[in-house]
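Report on the structure
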Amino acid sequence: MGMKLLIVEDEVRLRDRIAEGIAWEEHGIELIGAVGTGEEALRLVEKIGADIVLTDIQMPVMSGLELARLLQQHHRHIKMIMLTGHDEFDYARESIEYGVSKYVLKPASNDRILESVLDAASKRRLELEEKHQYDLLKERWRTHLPRLHESFYRNWLTGNYASWELDKRGEEVHLKLPDQLYIPVILDIDPLNEDDTRFLPSDRSLLLFSLNGVAKERLAETSAFIVQETDGTTIVLFMGVLDENRMDFYQRVNHAVTDVLTMTKDSLKITASAGIGPIVDAKELLPDAYLKAKMALQTRIVYGHNIAITFHENPSAANKWTSLGDMEKQLETSFELGDEQQAKEVAGQLIRSAFSTGSVPEVREFLIHISGMLSRFIHARQWLLTEVTGDDYTYFESLNQLLTREQIQEWMIRVIGRICLFVNESRKNSTKQSVTDILKLIDTRLHEDISLYRISEILYMNSSYLSRLFKEEMGMSFTDYVLERRMERAKALLVQGAKVYEAAEQVGFRHVNYFSKAFHKYWGMKPGDLNK
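So, here's what we can say about the structure. (Residues numbered from 1 in each chain as written. Predicted model: local features only at pLDDT ≥ 70, side-chain atom pairs only at ≥ 80, totals over all residues. Heavy atoms only, no water.)

**Thoughts on the overall build of the chain**
Looking only at helices and strands, one finds 22 helices and 10 strands in the chain. Among the 532 residues that make up the chain, the fraction classed as buried is 43%. Long-range contacts, defined here as pairs at least 24 residues apart, represent 66% of the contacts in the chain between residues at least 6 apart. Accessible surface for the chain amounts to roughly 28400 Å². Of this, 50% is attributable to carbon and sulfur atoms. (Helix = DSSP H or I, 4+ residues; strand = E, 2+ residues; numbered from the N terminus. Buried < 20%, exposed > 50% of the residue type's maximum accessible area, 1.4 Å probe, protein only. Contact = heavy atoms within 4.5 Å. Areas by Shrake-Rupley, 256 points an atom, 1.4 Å probe, with all protein chains shown as cover.)

This is how it looks when you write it as structure tokens:
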């Protein structure tokens, strides 16, 4: 969508002229509303947000200047354009501290108003580009020695050095490794939401690089070394003195990591998570702590995204069923997402765990347990087990037919694939039903001042998601479709003998002249000429 514009003008005729007499969408401007009071404007900004506010300076109860002052306190990014008379101009010019970027003298033509809005939109876009310009996040260290340091730390953490090599390799790159406390942390970008169309899979390397840049910026004043792993994830090695209280050290690390995650979400508009390894006080123990940090990060599939996860030791063998329960939660999460690849990976973990003891009775109990879990998931969605599993249903009736590890694994993989297929097909059907509901609402409300935001409120849907959903399914924007339906309905009414003003009213136009212009632009003829 384009820049969001809000019009605030208490004079109805002027407000309607600006709102309906300018083809905002053709210029990349999204008109989110045209209201008559500052109070209405504040509510709309809090609810929807805005990039540009065009407001009259003189309004009852709350003036345009007071509105600008309040918006400046909480929404400093908004570009304010003030409509002002000659006798108000000198006074209004003094209120630059309220964030007013432009003053337009009344009476102002639509062309003059459009020019001022487009100028404000251009400045706002430039600000957004500067804020989110990822390639400004440059690598801080470009000399040869820092690259050697990075290589050393990467090899150390990943266990490529034997313990006797550490000091020798460190000396070669002019690094001393004193006895101290260490905590390894791994930072990774969270999987993007399905409705996030800003990035492609090929953008992952850029996002990981940006995350690395944020970490370096936020942790510049801490005792930590930061390096990117070969897979693009960021490793942060925090260091503390031996006599430091360990709880204090851990809390300091946790606060620093949380700060990085918060800054990533604020600046990049995406989320990241972290796996925090245990504290070790010997450098040869660091590779094992690093592996545990990776294990902690993997559990975000259970705990969610945008989170710092501390490693905890696995339960004892006596609690094996608890461990299986955790993996089942991961499997159900994969089903909910329709992520067949992830579900199959978790299934592999379940198989390995079930066969780890070599006990035939335990494997059989595992089969009974997992078949029940798969059945419950299918029935919870009111699907039939026979319909989902197809030919593999026979194994649910008689698990003893599965005689080998390979048979069990292949059966699970096939059933998992079928479940994910049904989940994804169900999601597609849900999308089609949502669009059908939208179309019905549009047809029943063509006579009203219908908008994307009003429809989203009625259907309890996010407006941005609704907009993308509608365009993907219908091949046109919500606004274009509404205009098309209004013009088709108006033409039909006129052919049936309706007066021009009657047709205008029944398709949501409050002013006949604006209706006539829109009709002429769409059909190439004036509405009054239709039956001549």
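**Things to note about the sheet that holds strand β6 (residues 181-189)**
If you walk across this open sheet you meet the five strands as β7-β8-β6-β9-β10, and the pairing is mixed. Across the chains shown, the open sheet's two edge strands, defined by having one partner strand only, are β7 (224-228) and β10 (308-310). Here the average twist between neighbouring strands, direction ignored, is 20°. Summarising the sheet, β6 and strand β9 (residues 272-276) pair through five bridges and their orientation is antiparallel. Counted as the bridge partner of Val185 is Ile276 from β9. Taken strand by strand, helix α8 (residues 204-218) contacts β6, β7, β8 (234-240) and β9, and its axis lies near 145° from that of β6. (Pairing = 2+ DSSP bridges. Axes fitted to C-alpha atoms, helices over the stretch in contact; angles between N-to-C directions.)

**Quick word on helix α9 (residues 246-268)**
Between its terminal C-alpha atoms α9 stretches 33 Å, which fits the 33 Å expected from 23 residues at 1.5 Å a residue. When α9 is considered as a whole, its buried residues turn out to be Phe249, Val253, Ala256, Val257, Val260, Leu261, Thr264, Ser267 and Leu268. Contact partners of the buried residues in α9: β6, α8, β8, β9 and β10. Capping the start of α9 is the job of one residue whose side-chain oxygen sits 2.9 Å from the backbone nitrogen of Met247: Asn245. (Expected span 1.5 Å × (residues − 1). Polar contact = N/O pair within 3.5 Å; in protein donor to acceptor, adjacent residues only side chain to side chain.)

**Focus: the packing of helix α2 (residues 38-48) against helix α3 (residues 64-74)**
At a minimum axis distance of 10 Å, the contact between α2 and α3 shows a crossing angle of 20°. The angle between α2 and α3 falls in the class roughly parallel. Considering only the axes of α2 and α3, their crossing is right-handed. Contacts between α2 and α3 involve Gly38, Ala41, Leu42 and Val45 on the former and, on the latter, Leu67, Leu70 and Leu71. For the contact of α2 with α3, the class distribution of residues is six nonpolar, one polar and no charged. (Parallel < 35°, antiparallel > 145°, perpendicular 65-115°, else oblique. Left-handed = near helix turned anticlockwise from the far one by under 90°. Nonpolar A, V, L, I, M, F, W, Y, C, P; charged D, E, K, R; others polar.)

**Focus on the packing of aromatic side chains**
Tallied over the entire structure, the rule returns 14 aromatic pairs. Centroid distance Phe152 to Tyr153: 5.6 Å. Interplanar angle 75°. Geometry classified as edge-to-face. For the pair formed by Phe152 and Tyr153, the shared burial category is buried. Ring centres of Tyr522 and Trp523 lie 5.0 Å apart, and the angle between their planes is 75°; on these two criteria the pair is classed as edge-to-face. (Phe/Tyr/Trp six-rings, centres within 6.5 Å; stacked < 30°, edge-to-face > 60°.)

**Focus: the side chain of Asp190**
Mapped onto the fold, Asp190 is located in the loop between β6 and α8. With a relative accessible area of 3%, Asp190 lands in the buried category. Side-chain polar atoms of Asp190 contact the backbone nitrogen of Ala272, separated by 3.4 Å. Within polar-contact distance, the side chain of Asp190 engages the backbone nitrogen of Asn306 at 2.9 Å.

**So, the pairing of strand β2 (residues 29-35)**
Counting buried residues along β2, five of its seven residues qualify, which places the element largely inside the surrounding structure. As defined by bridge partners, strand β1 (residues 3-8) adjoins β2 across six bridges and the pair is classed as parallel. Bridged to Leu6 within β2 is Gly33.

**Describing the packing of α8 against α9**
Two elements in contact, α8 and α9, have axes whose closest approach is 9 Å; the angle formed by their N-to-C orientations is 125°. Taken together, α8 and α9 sit at an angle that is classed as oblique. In this structure, α8 meets α9 at a crossing whose hand is right-handed. Of the residues in α9, those touching α8 at Ser210, Leu211, Val214, Ala215 and Arg218 are Asp259, Val260, Met263, Thr264, Ser267 and Leu268. Its residues assigned to classes, the contact of α8 with α9 comprises six nonpolar, three polar and two charged.

**Remarks on the nonpolar core**
The biggest cluster of nonpolar side chains holds 33 residues, and the ones touching the most others in it are Leu331, Phe335, Leu374, Trp411, Met412 and Ile419. Of all the secondary-structure elements, those providing two or more residues to this core are α12 (320-337), α13 (340-354), α14 (360-380), α15 (385-389), α16 (393-397) and α17 (405-444). The dominant element in this core, judged by the number of residues it contributes, is α17, at nine residues. Excluding residues that lie within four positions of it along the chain, Leu374 makes contacts with Leu331, Phe335, Phe396, Trp411, Val415 and Ile419. Counting 26 residues, the second-largest nonpolar core is a separate cluster that includes Leu181, Leu219, Phe249 and Ala272. (Core = buried A, V, L, I, M, F, W, Y, C linked by side-chain atoms within 4.5 Å.)

**Digging into the sheet that holds strand β4 (residues 79-84)**
Ordered by their spatial adjacency, five strands build an open sheet running β2-β1-β3-β4-β5, and the pairing between neighbours is parallel. With one partner strand each, in any of the chains shown, β2 and β5 (100-105) form the two edges of the open sheet. Strand after strand, the sheet turns through a mean of 20° between neighbouring axes, direction not considered. Direction of pairing for β1 relative to strand β3 (residues 52-56): parallel, over a ladder of four bridges. Each residue of the ladder has a partner; that of Leu6, found in β3, is Val53. Sitting on the sheet, helix α5 (residues 110-131) is in contact with β1, β2, β3, β4 and β5, with an inclination near 165° to β4.

**Quick look at the pattern of salt bridges**
Within this structure, the stated rule accounts for 22 salt bridges. Residues Asp179 and Lys283 are paired through a salt bridge, measuring 3.8 Å at the closest nitrogen-oxygen approach. Highlighted residues: Asp179 in the loop between α7 (166-172) and β6 and Lys283 in the loop between β9 and α10 (286-298), separated in sequence by 104 residues. The exposure class of Asp179 is exposed, given its relative accessible area of 56%. The class of Lys283 is buried, set by a relative accessible area of 14%. For the salt bridge of Asp288 with Lys292, the shortest nitrogen-to-oxygen distance reads 3.2 Å. (Salt bridge = Lys/Arg side-chain N within 4 Å of Asp/Glu carboxyl O.)

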